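Listed below are the residues making up each chain.
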Amino acid sequence: MEEKTLNILIVDNDKASAERTRTLLQQEEPRFRFDLACEGEEGLRKAKENDYHLILSDYHLTPAMNGLQLLDALRTSEIGVPFIFYSSDRSLERAVACLRRGVTDYLFKGEENIKELASSIAKAGEGVRPRRENQKLLQQTMEDKNYLENIVVNSIDAIIVADREGKVTLWNKGAEQIFGYTAEEVLGKHVDQFVVPPKFRRTEEELLKLVEKKGGSFLEKEVKRVKKSGEVIYTTASYNLVRDASGKIVGLSAIEKDITERKRLERELKRAKERYRLQYQGEQRRSAYLKIITQVSKEITAILDLEKLLQKVVNLIPALGYYQASIWTAESEKEKAVFQVGGGETIRISRGFSRCFKEGIIGWVACTGKPIIANDVSKEPRYRGKVYPETKSEISVPIRFGSRILGVLDVQSTELKAFTKEDLSALQILADQIAVAMENARLYEEARAKTDYLQSLVRSITDGIVSIDSEGRVVEWNKGAEKLLGYTREEILGKELDVIIVPQDKREEAVSLTERAMSGKEITDFETIRLRKDGWLVNVLLCASPITKDKKFLGAVAIYKDITERKRAEEQLKASEERYRELVNNSVDGVISVDPQMNIILWNPGAERIFWYTEKEMLGQTLMKIVPERYRKAKEKGFAVFRKTGSGPVIGKTLEVDGLRKDGTEVPIELSVSSRKTGEAYIATVIVRDITERKRAEEKIKKKSQELESFVYTVSHDLKAPLISIKGFSELLKASSRDRSEEKELHYLERVMANVDQTNRLIGDLLKLSRVGKTAEQPREVDTLSLAKKIVEELNLQFKIDHPKVRYHNLPVIYTDELHLRQIFQNLLGNAYKFRDENKRLEIEVGCTEKDNIYQFYVKDNGIGIDEKYLEDIFHIFRRLQEKKVEGTGAGLAIVKKIVETSGGKMWVKSAKDKGSTFYFTFPKKVKPTATKG
Ligand code: ADP
């Protein structure tokens, strides 16, 4: 793979040091190219001008700008190039502060760190480089037999061969040297006698079986042996079966290697390591701590798997020379510290192992939040260690976040006085970082749970939920939005929302809404219109909240609610309200509504025209203002009932009263009052009609008819007087004519007198007609059957007719004015006799049918009938069809009709010439008032 060149800017005020670093790094990595800057400002300028892969800076540059300030300046200029501190400042705190600000790495200046610096640069510059694989060299050599024999004999390892009984057959130089016995001393004797301590002895058979079982060869890692001198040594023993040429097992060989010295050296080494560790202080140690801290600080924000990070920490700490490290969490509700991860030589406990608060050093730290250094645990009263008896010193620091104790970081050493104050501060920094990591993990978990919850919530909401970024592009679009606006999520994500869904005439409004959101203000319940994908407009209610961070506008979340239906309903309501209002306003009638306190709550222009008060004057005023004094008491009483029950004496009725005008005059009005329940209270609405004109017209007619009547009356009277004189003088003339026997004269005079009589009757009938309805009614119970019978008897006598066929049908007893009824019956029955067919026997039927609340009477005859073309005429006064033959004035039917009509009934006839006639008339039923006692 071709390796690319990395351009690096070194910023260091110490030019010599910078040159040195350059040279050293170039030796490490020939593909590095360098540029130098002495001051921060120069570095910044160069970084702006050039495209570096990385900036390597000292911390202290000039008073004007240190390394961290340079970093900040770069970031403000949005130069995100990787930045590594290679600094002579060896303060851990400073390093941690820089790491927290996001530098890629922080290394202490020093040649021992160059390799690491180079690899850090390489890593940062282009990611992890492929590691060069180490080639393993494998060699196989073939040796000759002699050489092998030579080796066996001269080997420094002990090579011992025994036969099946365990008797030694070979004892080489190595064995002589290791165990102190010569071959002569041992050969032919049982090997166990010499070197194996009694406790470990096995019979030869046992050993053979063991080796056979292991497949012919068997290695014991550590075996205790006793030298001829009595000194105890340790060896490794490799046993092999010895076979003869035929393959039969003939014995056992053992190759033993003295490992006493190795063991001693190992112990020594361990001790040296511990010793070294004790000296391992100052810079190097800080360097090592820094390495761990750097790693942790890089990962706390990136790593999502907390456990992995913690494990890494406890694995790194032993590299400082300690024998083990562990991290515990503090569970304050349970008052326990719980083991999470451990690293180092021996970990004898597993996750979930716990210590009660105050139990042991860890329990104390978890409970109090204070660190403990125990440089001799045997003298530490709080020490309870049973699990690790080899521990000599222990350091335990709390993992705290703010005031909360999250856990404990514990490090143990097999040496006394292993820990210094510097360890404490370094470990505390580490613990603080762990705390941040733990808190991040917790927050992340919390946020994830919340996000999951919110996501499911958002999904289930039917309203349209849309989020946009700072440029107005859609980043979230839920199902509700899909449904409301018609675009699918895929279609609209990343598109500029307003361009798509804001209709032309709402553009300006949308711009101002966006400005509002950008200034950090919420938008609540804003009614507007949006454009759907299918081109339809939809009424929406918009709520939006800006999303800001550090006062920077990042975007907004908007909720769109479909209010088309609501809008439509509202408009319908408005329209119907307007129609109603229009009706009320344009009504000629006055419309007045009052509340239960009789206060006016509606007063329309009609009312204003009638009473001359304006709406403004009357709203809130009492209705009594338009009620004349004389009605007020009754009105008050009626209203008290209405207030309680919603009904009253005038509710649902129409009545004529007088109203009081603004100027104090009265106006005749017709009222109809209705009531309506609104909530708990009753509202009364009065429709008022000005009946001044009607009253006036009625008066006029009344006056006219009175005038007419008195005119008829006077005329009739005045006509009667000369008639009487004419008749008187005719009588005198008639007497003198009779004396003179003047036949002709007599005849004429009789004609004159007959005409006078007829004129007299006419005048009499005219008077009768004019009087109909003038006399007060005298209703009583009338038996119509006996009335009809009585009249028929009279008529029989009058017309000298024997036994006409008269049928009475269903004639009731009714409550009415008897005189009127008699007049009707007399006239109709009389006509039946008068206009009978002489060739037939007279047949009459008088009857009645009842319908709802009327009686319908009829009088039917088999007389001469009436030509259909005259059916209407006969009811007009003085109309007769048979002038000469039959006596009469032609006023009868006119009078009857007037009587029927003034009583509220109707009259008509069915007839045809020679077919007889049937006269009908109706009478409304009158209820006889129930008799009162006394
Ligand atoms: P009058 O009986 O004095 O002539 P009415 O007013 O009673 O006056 O009747 C008017 C006319 O109607 C009668 O002249 C007659 O021609 C006709 N009329 C009334 N009743 C009958 C009847 N029952 N049959 C035939 N014609 C009748």
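Source: prediction; values computed, not measured.

Colleague: I'm lost on the sheet that holds strand β33 (residues 917–924) in this one. Help?
Modeller: In any sheet, the strands associate via hydrogen bonds between backbone groups, in a parallel or an antiparallel arrangement. Read from one edge to the other, the open sheet built from 5 strands follows the order β28-β30-β31-β33-β32, with strand pairing classed as mixed. Both edges of this open sheet fall to β28 (805–809) and β32 (907–911), since each of them pairs with a single strand only. Averaged over all neighbouring strand pairs, the angle between strand axes comes to 15°, with direction disregarded. Pairing of strand β31 (residues 854–861) with β33 involves 7 bridges; the strand directions are antiparallel. Paired with Y855 across the two strands is F923, which belongs to β33. Relative to the sheet, helix α26 (residues 784–799) contacts β28, β30 (843–851) and β31, its axis offset from that of β28 by approximately 165°. Lying on the sheet, helix α27 (residues 818–834) is in contact with β30, β31, β32 and β33; it crosses β33 at an angle near 175°.

Colleague: Where do I start with the pairing of strand β9 (residues 232–243) in this structure?
Modeller: Remember that side chains alternate between the two faces of the sheet whenever the strand is regular. For strand β8 (residues 217–226) and β9, the ladder comprises 8 bridges, and the chain directions are antiparallel. Among the inter-strand pairings, S217 is bridged to a residue of β9, identified as N240. Counting the residues between successive antiparallel strands, the hairpin from β8 to β9 contains 5 residues, one of them, G230, with a positive phi of roughly 90°. Here β9 runs beside strand β10 (residues 249–258); their pairing, made up of 9 bridges, is antiparallel. By the bridge assignment for β10, S238 is matched with I255.

Colleague: Would you explain the sheet that holds strand β13 (residues 354–356) in this entry?
Modeller: The 6 strands lie next to each other as β13-β12-β11-β16-β15-β14, forming an open sheet whose pairing is antiparallel. If you trace the sheet from one side to the other, it starts and ends with β13 and β14 (372–374), each paired once. The mean angle between the axes of side-by-side strands here comes to 20°, regardless of whether they run parallel or antiparallel. Most of the contacts of helix α13 (residues 306–316) go to strand β12 (residues 336–344), to which it runs at about 60°, and overall it touches β11 (324–331) and β12. Relative to strand β16 (residues 404–413), helix α14 (residues 360–368) is tilted by about 155°, and along the sheet it contacts β11, β12, β13, β14, β15 (393–401) and β16.

Colleague: I tried to follow the site of the ligand on my own but got confused; where do I start?
Modeller: Around the ligand lies a shell of 22 residues, among which K834, R880, Q882, T889 and G890 are the nearest. Note that an oxygen atom of the ligand is positioned 2.6 Å from one of the side-chain N or O atoms of K834. Here L893 contributes a backbone N or O atom positioned 2.9 Å from an oxygen atom of the ligand. Considering the ligand on its own, with 520 Å² of exposed area, one finds that the protein chains cover 98% of that surface. Broken down by element, the residue count for the shell around the ligand peaks at 4 residues, all from α27. Looking at the shell around the ligand, its residues break down into 9 nonpolar, 9 polar and 4 charged.

Colleague: Got a minute to help me understand the packing of aromatic side chains in this structure?
Modeller: Any aromatic ring pair is given by two values, namely how distant the centres are and how the planes are angled relative to each other. What the rule picks out here adds up to 22 aromatic pairs. Considering the side-chain rings of Y323 and Y388, the 6.4 Å spacing of their centres and the 85° angle between planes classify their relative orientation as edge-to-face. One end of the pair, Y323, is in the loop between α13 and β11; the other, Y388, is in the loop between β14 and β15, with 65 residues separating them in the sequence. For Y323, a relative accessible area of 4% translates into the label buried. An aromatic cluster is defined as three or more aromatic residues linked by ring pairs; in this entry it consists of Y59, F83, F85, Y106 and F108. Positioned over the ring face of Y631 is R630, at 4.7 Å from the centre of the ring. Directly above the aromatic system of F875 lies the positively charged group of K897, at a separation of 5.6 Å from the ring centroid.

Colleague: Sorry if this is basic, but what is going on with helix α2 (residues 40–49) here?
Modeller: Each α-helix winds once per 3.6 residues, and so residues spaced three or four apart point in a common direction. Within α2, the full set of buried residues consists of G40, G43, L44, K46 and A47. Considered in projection along α2, the buried side chains sweep an arc of 165° and stay on one side of the axis. Set apart from the buried face of α2 by more than 90 degrees, the exposed residues are K48 and E49. Packed against the buried residues of α2 are β1 (6–11), β2 (32–37), β3 (54–57) and α3 (67–76).

Colleague: For this particular structure, what's the right way to read the pattern of salt bridges?
Modeller: If charged atoms from side chains of opposite charge come close, those side chains can pair. Counted under the stated rule, the structure contains 53 salt bridges. Of the charged contacts, one joins E670 and R694 as a salt bridge, the two residues approaching to 3.2 Å between their closest N and O atoms. Taken together, the residues E670 in strand β25 (residues 666–678) and R694 in helix α24 (residues 692–739) connect sequence positions 24 residues apart. With relative accessibility at 18%, the residue E670 sits in the buried group. On the basis of relative accessibility, which here comes to 33%, the residue R694 falls in the partly exposed class. Taking the shortest distance from any N to any O, the salt bridge between K727 and D757 comes out at 3.1 Å.

Colleague: Honestly, the packing of α27 against helix α28 (residues 892–902) in this entry has me stumped. Any pointers?
Modeller: The axes of two packed helices give the description: the angle between them and the distance between them. Where α27 meets α28, the axes come as close as 10 Å, and the angle between the chain directions of the two elements is 145°. Between α27 and α28 lies a crossing of left-handed hand. Across the interface between the two elements, H820, Q823, I824, N827, L828 and N831 of α27 pack against G892, L893, I895, V896, I899 and V900 of α28. Its residues assigned to classes, the contact of α27 with α28 shows 7 nonpolar, 5 polar and no charged.

Colleague: I'm lost on the side chain of T784 in this one. Help?
Modeller: Here T784 lies in helix α26. Polar side-chain contacts of T784 include one of 2.4 Å to the backbone oxygen of P812. Contact partners of T784, with chain neighbours within four places excluded, come to L811, P812, I814, L821, F825 and F857.

Colleague: What is the right way to read the side chain of N478 from this model?
Modeller: With respect to the element layout, N478 can be found in the loop between β18 (474–477) and α16 (479–485). Given a relative accessible area of 5%, N478 falls into the buried group. Only 3.2 Å separates the side chain of N478 from the backbone oxygen of D463, close enough to count as a polar contact. Of note is the side chain of N478, whose polar atom sits 2.8 Å from the backbone nitrogen of I465.

Colleague: Any chance you could explain unusual backbone geometry here in plain terms?
Modeller: With the exception of glycine, most residues fall at negative phi, and the peptide bonds are largely trans. One non-glycine residue, K358, lies in positive phi territory at about 75°. Examined against the element boundaries, K358 turns out to sit in the loop between β13 and α14. In the Ramachandran plot, D914 falls in the positive-phi region, its phi being about 60° despite a non-glycine side chain. For D914, the location among the structural elements is in the loop between β32 and β33.

Colleague: Whenever I open this one, the nonpolar core confuses me. Can you help?
Modeller: Most often, soluble globular proteins have nonpolar side chains that are buried together. Ranked by internal contacts, the top residues of the largest apolar core, which has 60 residues, are Y106, I317, I327, I399, L409, L427 and L430. Ranked by residue count, the leading element in this core is helix α15 (residues 421–460), at 9 residues. Apart from the residues within four sequence positions on either side, I327 is in contact with L310, V313, V314, V338, F339, Q340, V341, I399, V408, L409, I434 and M438. Counting 41 residues, the second-largest nonpolar core is a separate cluster that includes I814, Y855, F857 and F923.

Colleague: Explain the packing of α24 against helix α25 (residues 743–771) here, please?
Modeller: Contact geometry of α24 with α25 gives a least axis separation of 9 Å together with a crossing angle of 160°. It follows from the interaxial angle that α24 and α25 lie roughly antiparallel. The element α24 and its partner α25 pack so that their crossing is left-handed.

Colleague: I keep staring at the environment of I763 and nothing clicks. Help me out?
Modeller: With respect to the element layout, I763 can be found in helix α25. For I763, a relative accessible area of 6% gives the class buried. Sequence separation of I763 and V712 is 51 residues, and the distance between their C-alpha atoms is 9.3 Å. Discounting residues that sit within four places of it in the chain, I763 has contacts with S716, L719, K720 and L723.

Colleague: So what exactly am I meant to see when it comes to a nonpolar patch on the surface here?
Modeller: Among the surface-exposed residues, L708, F711, V715 and L719 lie close enough to one another that they form a single nonpolar patch of about 370 Å² accessible area. Note that L708 resides in helix α24.

Colleague: Could you clarify how one ought to interpret the environment of R285 in this entry?
Modeller: Along the polypeptide, R285 turns up in helix α12 (residues 282–300). Exposure remark for R285: the relative accessible area of 2% places this residue in the buried category. Residues R285 and G321 lie 36 residues apart in sequence; the distance between their C-alpha atoms is 9.8 Å.

Colleague: Teacher, can you tell me more about the pairing of β11 here?
Modeller: The element β11 is extensively covered by neighbouring structure, given that 7 of its 8 residues are classed as buried. Of the pairings in the sheet, the one linking β11 to β12 comprises 8 bridges and is antiparallel in character. Paired with S326 across the strands is G342, a residue of β12. As paired elements, β11 and β16 share 6 bridges and run antiparallel to each other. Its bridge partner lying in β16, A325 is registered against V411.

Cut-off values and rules
- Throughout, a residue's number is its position along its own chain's written sequence, starting from 1.
- Note on the predicted model: pLDDT of at least 70 is required for a residue's local features to be given, and 80 or more for side-chain atom pairs to be given and counted; whole-chain, interface and lining totals, by contrast, use all residues.
- By convention in this description, side-chain values take in all heavy atoms of the structure and omit both hydrogens and water.
- A pair of strands is labelled paired if DSSP reports no fewer than 2 bridges between them.
- Working definition: helices are DSSP H or I runs of at least four residues, strands are E runs of at least two. Numbering for both runs from the N terminus.
- Lines fitted to C-alpha atoms define the axes, with helix axes restricted to the stretch in contact, and inter-axis angles between N-to-C directions lie between 0 and 180 degrees.
- Every residue pair with non-hydrogen atoms within 4.5 Å of one another is taken to be in contact.
- Only heavy atoms are used to decide nearness, and a residue is near a molecule or strand if one of them lies within 4 Å of it.
- Whenever two N or O atoms come within 3.5 Å, that pair is a polar contact, provided that in protein one can donate a hydrogen and the other can accept it, and provided that, for residues adjacent in sequence, both atoms are side-chain atoms.
- The method behind every accessible area is Shrake-Rupley, applied with a 1.4 Å probe, and residues are considered shielded solely by the protein chains displayed.
- Think of it as three bins: nonpolar holds Ala, Val, Leu, Ile, Met, Phe, Trp, Tyr, Cys and Pro, charged holds Asp, Glu, Lys and Arg, and polar takes everything else, Gly as well.
- Only rings of Phe, Tyr and Trp enter the pairing, Trp through its six-membered ring, and a pair is recorded when the two centres are within 6.5 Å. The plane angle decides the type: under 30 degrees is stacked, over 60 is edge-to-face, the rest tilted.
- A 1.4 Å probe rolled over the protein chains alone gives each residue an accessible area, and that area as a share of the maximum for its type sets the label: buried under 20%, exposed over 50%, partly exposed in between.
- When the NZ atom of lysine or the CZ atom of arginine is within 6 Å of a ring's centre and also within 35 degrees of its normal, the charge is said to sit over that ring.
- Along the arc lie the directions from the helix axis toward the C-beta atoms.
- Any carboxyl oxygen of Asp or Glu within 4 Å of a side-chain nitrogen of Lys or Arg constitutes a salt bridge here.
- By convention, the crossing between two helices is left-handed when the near helix turns anticlockwise from the far helix through less than a right angle, and right-handed when the turn is clockwise.
- As used in this record, nonpolar core signifies buried Ala, Val, Leu, Ile, Met, Phe, Trp, Tyr and Cys residues forming a set joined through side-chain atoms within 4.5 Å.
- Reported orientations rely on four angle classes, namely roughly parallel under 35 degrees, roughly antiparallel over 145, roughly perpendicular from 65 to 115, and oblique for the rest.
- Patches here are clusters of residues that have more than 30% relative accessible area and form no salt bridge, with a 9 Å joining cutoff for like charges and a 5 Å cutoff for nonpolar side chains (Val, Leu, Ile, Met, Phe, Trp, Tyr).

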